[in-house]
Amino acid sequence: MGRGSGLLRVPPCCFLLLMMLQASTAASSDSQQPLQQQDFGHSIRLDGDIILGGLFPVHARGERGVACGELKKEKGVQRLEAMLFAIDLVNRDPELLPNVTLGARVLDTCSRDTHALEQSLTFVQALIEKDGSDVRCSNGELPVLAKPDKVVGVIGASASSVSIMVANILRLFQIPQISYASTAPELSDAARYDFFSRVVPPDSYQAQAMLDVVMAMGWNYVSTLASEGSYGESGVEAFVQLSRETGGVCVAQSLKIPREPQRGEFDRIVLRLLETPNARAVIMFANEDDIWRVLDATRRNNLTGHFLWVGSDSWGSKISPVVQQEQVAEGAITILPKRASVDAFDRYFKSRSLSNNRRNVWFAEFWEENFGCRLGMHGKRGGGLKKCTGLEKVGRDSAYQQEGKVQFVMDAVYAMAQALHRMHQDVCGGSPGLCPRMANVDGRELLAHIRAVNFNGSAGTPVTFNQNGDAPGRYDIFQYQINNQSEAEYKVIGHWTNQLNLDMGALQWTSAAPAGPLPPTSVCSLPCGAGERKKVVKGVPCCWHCERCQGYHFLSGPSSCQPCPPRERPDRNRTGCRPIPVVRRLEWRSLWAVGPALLAALGMAATAFVVAAFVRHNDTPMVRAAGREMSYVLLGGIFLCYAATFPMMAPPGAAICSLRRLLLGLGLCFSYAALLTKTNRIHRIFQQGRRSAAAPRLISPASQLAIAAGLISVQLLGVLLWLAVDPPRAVVDYEEQRTYDPELARGVLKCDITDLQTICSLGYSLLLMVTCTVYAVKTRGVPESFNEAKPIGFTMYTTCIVWLAFIPIYFGTAQTADKVYIQTATLTVSLSLSASVSLGLLYLPKVYVILLHPERNVAKRKRSFKSVVAAATASSKLSQLAAQRPNGHQADGPPARAMLARSMPAEEASSEFTAPGKASGFL
């Protein structure tokens, strides 16, 4: 495409097409033509040295195939008048473009991108070289073609979809374009829309501001709703993209409002939004008509108060989207580029009338719409309405509020004027008037001057452009509130300039509640409680299930639990770890300690009492018959069994741990070594008596002491070797009471003795006990007048029952929370019971006779050792005769008794064979 002459040569067919489009869309009207002769044209033309194009949605989108619908008083007429007013101000400014006037060619886009594309062809007609050589008039002469106005720049359009469509055609002819309302992020692409600029920030800024608002409210689960087209779809896309990059906000669903919605479409949209009820916040990039219909559908479906609306600048602070929908819209948060009302425009617009505003071809239609009257036969409105007088006044006879984009329309005109002024200074040297070089304005050069402008706009805010032609992001944050007088208004609650500044105290969600309470929730999942981790739902990072950290784990992060160190447990909230408390194995004041300690103390006292009684009556027949040496060894073992209770319950230390090892099995070893020696002697004597009258070896008291000492030394040497190899020490065991519930966990201060070592320490004594029990069974047939075989037997049977009960109790409670107390109490009580059984069955009857019946503690008659042997021989013969009987039971005869007598000292033998209450030892 050549730009030497500024013209583009096209074939005749294309030229005719352009002429047809021009004829159908650009019927201009003369400003001096009487109103009665005007037919409400479709464009406005103002003469000037330099012509600017204008694109405004004067009418709404038509239905049923009609291009244009009803008049738009605010977004259409007010914005159009703002452009005309700004041109008037520029033309009256002697400092700006001196002696150069601006003209205009303003078109109606009818809020439809395809219609706007057809209209915008008007702006490029002057740049096309018209080839009329093949066209002849009826008389054969060449036609005289009207020269179209050359448009150097275009103000508009409003909707982003319209601006995108128009920008594609304008860039081909290098015509700069400045939009006053298009905010689609797509238009920031300098490679595709290099001649496009805008005085409003792009939706990428707006989307960031809306995302910051959502995050400030604590909403992480939202839905989006967009009108089909570049504005809505690009805005939602920018919001979704930012939410993904930032994280923390998830989009439940993204819905689109069709360009031509079917009947019931908005009801279906609202019900679809309800499919994700937790996503109460709805991000809306929709035009005001769609917003009103969505609110209306919400009201019809009885969902007032459920949704939390967050509207873009297309909602802003407009009244039209919320008319008759105040209750549904209450609490809505909206975004609007920072602006201020232009008082001069208010005065200008309120002064407009039918007589002084004939240049606006749509003003008569506005007059009828605004005042609800008709203008006679040429009016657009039908009969039934009062006739307009022409004396009505805007703002007096009708409601008036300055439309939000008026400021930006004026800033767009001034930006174009400032750029032309800078270009005029460069190419014309500052001389007044339009110099020849400005006759054909170079679009690319003008674009460079547009991007370089920097001035304070009509509202006092700076007007600048970045390299993509975008204005800086400055927004006001509004909330639609209903006060106590049931009056609704938009209240400024914050600002956004690269970052959010929000007054949370100014928020009000219902008219019944005061301002400032916490906002309603719009979250997929409620925050997890203390000690609960998030288990994120796959693919939806804002949705999760809450799981409490189990066992000894604490919450180390929002979605992870970590185990505490070995010596620690989680705190009650499971947000950290704390040391596990340390306790002694058993406290003296514990009920688990009081019983065993009392039993042991009583046992020790009883044992000491028996020892004292035996020492006091050491030479009496009863004491001598009991075997004094073995009795004192057995009583010493019984005392040690009782004494072992107190080291087991004392605070652990090196000395206490040594005593525990020493006394744990030593008392039992003393007791059962003495009893085993006794039962073994009796068994050997009577076994030998069946074979001969000769006495077995090692049955004297000295021999018995030696045998008992040998048995005890095995236990003692084992304990001493254990102490030498593994010196005792106190340790804290964190595993013994590491219960399922960490709150019950305790570190136990104890001696370093394991359960296995405990059983091994008792094992030798238990072996002696079992062996002694075996001998007690074997000697059960010995006549009770001879010895203690039967009391020893009862003692061992009972002791076996005690220790058989000990084993399941001790090991069966190993996993319980009270293991420390139960096991210690069980062990000490078992030791005390074993000692008590021996003390009670073997010595209390003797003490009873010694102290309370001394008359029975005497020898009835004495026999010499020789007579005892003779009697034992006679008894043996009787026993042999009895053995020959079929049912004879005499197993032990006189030889055994004789050997028993020979094995004793004379006093012991005499005393045993003359037991109290017996006529003879052979009975």
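Cut-offs and rules
- Residues numbered from 1 in each chain as written.
- Predicted model: local features only at pLDDT ≥ 70, side-chain atom pairs only at ≥ 80, totals over all residues.
- Heavy atoms only, no water.
- Helix = DSSP H or I, 4+ residues; strand = E, 2+ residues; numbered from the N terminus.
- Buried < 20%, exposed > 50% of the residue type's maximum accessible area, 1.4 Å probe, protein only.
- Contact = heavy atoms within 4.5 Å.
- Disulfide = S-S within 2.5 Å.
- Phe/Tyr/Trp six-rings, centres within 6.5 Å; stacked < 30°, edge-to-face > 60°.
- Core = buried A, V, L, I, M, F, W, Y, C linked by side-chain atoms within 4.5 Å.
- Pairing = 2+ DSSP bridges.
- Axes fitted to C-alpha atoms, helices over the stretch in contact; angles between N-to-C directions.
- Polar contact = N/O pair within 3.5 Å; in protein donor to acceptor, adjacent residues only side chain to side chain.
- Parallel < 35°, antiparallel > 145°, perpendicular 65-115°, else oblique.
- Left-handed = near helix turned anticlockwise from the far one by under 90°.
- Nonpolar A, V, L, I, M, F, W, Y, C, P; charged D, E, K, R; others polar.
- Arc of directions from axis to C-beta.

A. Region of the structure containing the overall build of the chain. A tally of regular secondary structure across the chain gives 26 helices and 29 strands. When each of the 923 residues of the chain is scored for burial, the buried share is 52%. Within the chain, contacts between residues separated by at least 24 positions form 68% of all contacts whose residues are at least 6 apart in sequence.

B. How the structure looks around the state of the cysteines. On inspection of all chains with the given rule, the structure shows 9 disulfides. Note that Cys 528 is cross-linked by a disulfide to Cys 546, the S-S spacing being 2.1 Å. Sign of the S-S torsion, about -90° for the bond between Cys 528 and Cys 546, identifies this disulfide as left-handed. In this pair, Cys 528 is assigned in the loop between β20 (500–502) and β21 (532–537) and Cys 546 in strand β22 (residues 540–548), connecting sequence segments 18 residues apart. Free cysteine: Cys 641, not disulfide-bonded; nearest cysteine sulfur from Cys 669 at 10.0 Å. A residue is classified by how much of its surface remains accessible, and Cys 641, at 2% relative accessible area, is buried. The structure places no disulfide on Cys 800, whose sulfur is separated from the nearest cysteine sulfur, that of Cys 772, by 8.9 Å. Judged by relative accessible area, Cys 800 falls into the buried class, the value being 18%.

C. Up close: the packing of aromatic side chains. For the structure on display, the rule yields 19 aromatic pairs. Taken together, a centroid distance of 5.4 Å and an interplanar angle of 35° make the contact between Phe 363 and Phe 366 tilted. Of this pair, Phe 363 and Phe 366 both sit in helix α11 (residues 363–371), 3 residues apart, which is roughly one turn of the helix. Given a relative accessible area of 1%, Phe 363 falls into the buried group. Measuring from ring centre to ring centre gives 4.8 Å for Tyr 480 and Tyr 490, while their planes differ by 55°; the resulting arrangement is tilted.

D. Structural context of the environment of Leu 842. Summarising the element assignment, Leu 842 is placed in helix α22 (residues 819–842). Looking at Leu 842, the relative accessible area reads 2%, which means it is buried. Leu 842 sits 51 residues away from Pro 791 along the chain, and the two C-alpha atoms are 6.1 Å apart.

E. Focus on the nonpolar core. Met 83, Leu 102, Phe 345 and Leu 420 are the most contacted members of the largest nonpolar core, which totals 69 residues. Broken down by element, this core gets its largest block of residues, 15 residues, from helix α12 (residues 406–428). Excluding anything up to four places from it in sequence, Phe 345 contacts Gln 78, Glu 81, Ala 82, Phe 85, Tyr 400, Gln 402, Val 406 and Met 410. The next biggest cluster of nonpolar side chains, apart from the first, holds 51 residues, and it includes Val 610, Leu 666, Met 796 and Leu 839.

F. How the structure looks around the sheet that holds strand β8 (residues 151–155). Here 6 strands make up an open sheet; going across it, the order is β2-β6-β3-β8-β9-β10 and the pairing mixed. Sheet topology places β2 (43–46) and β10 (196–198) at the edges, where each strand pairs with a single neighbour. Across the sheet, the mean angle separating the axes of adjacent strands is 20° when strand polarity is ignored. Across 7 bridges, strand β3 (residues 50–56) lies against strand β6 (residues 102–108) in parallel orientation. Bridge assignment links Gly 54 to a residue of β6, and that residue is Val 106.

G. Representation of the sheet that holds strand β18 (residues 475–482) within the structure. Here 8 strands make up an open sheet; going across it, the order is β12-β11-β13-β14-β15-β18-β19-β20 and the pairing mixed. Each edge of the open sheet is held by one strand with a lone partner, namely β12 (250–257) and β20. Strand-to-strand twist across the sheet, computed as the mean angle between neighbouring axes with direction ignored, equals 25°. Relative to β20, strand β19 (residues 488–496) runs antiparallel, the two being bridged by 3 bridges. Counted as the bridge partner of His 495 is Asn 501 from β20.

H. Highlighting the environment of Thr 334. Considering the arrangement of structural elements, one finds Thr 334 in strand β15 (residues 333–337). Discounting chain neighbours no more than four positions away, the residues touching Thr 334 are Gly 311, Trp 315, Gly 316, Asp 476, Ile 477, Phe 478 and Tyr 490. Of note is the side chain of Thr 334, whose polar atom sits 2.7 Å from the backbone oxygen of Gly 316.

I. Seen up close, the packing of helix α14 (residues 591–616) against helix α16 (residues 628–643). For the pair α14 and α16, the least separation of the axes is 8 Å and the interaxial angle reads 160°. By the criterion of interaxial angle, the relationship of α14 to α16 is roughly antiparallel. At the point where α14 passes α16, the crossing takes the left-handed sense. Contacts between α14 and α16 involve Leu 599, Ala 600, Gly 603, Met 604, Thr 607, Val 610, Val 611, Phe 614 and Val 615 from the former and Ser 631, Tyr 632, Leu 635, Ile 638, Phe 639, Tyr 642 and Ala 643 from the latter. The class makeup of the residues in the contact of α14 with α16 is 13 nonpolar, 3 polar and no charged.

J. Main features of helix α13 (residues 443–452). For α13, the complete set of buried residues consists of Gly 443, Leu 446, Leu 447, His 449 and Ile 450. The buried side chains of α13 occupy one side of the element, clustering within an arc of 165° when seen end-on. Next to the buried residues of α13 lie β8, β9 (177–179), β10 and α12. Its side-chain oxygen at 3.2 Å from the backbone nitrogen of Arg 444, Asp 442 defines the N-terminal cap of α13.

Everything listed here is a matter of geometry and, on its own, says nothing about what the molecule does.
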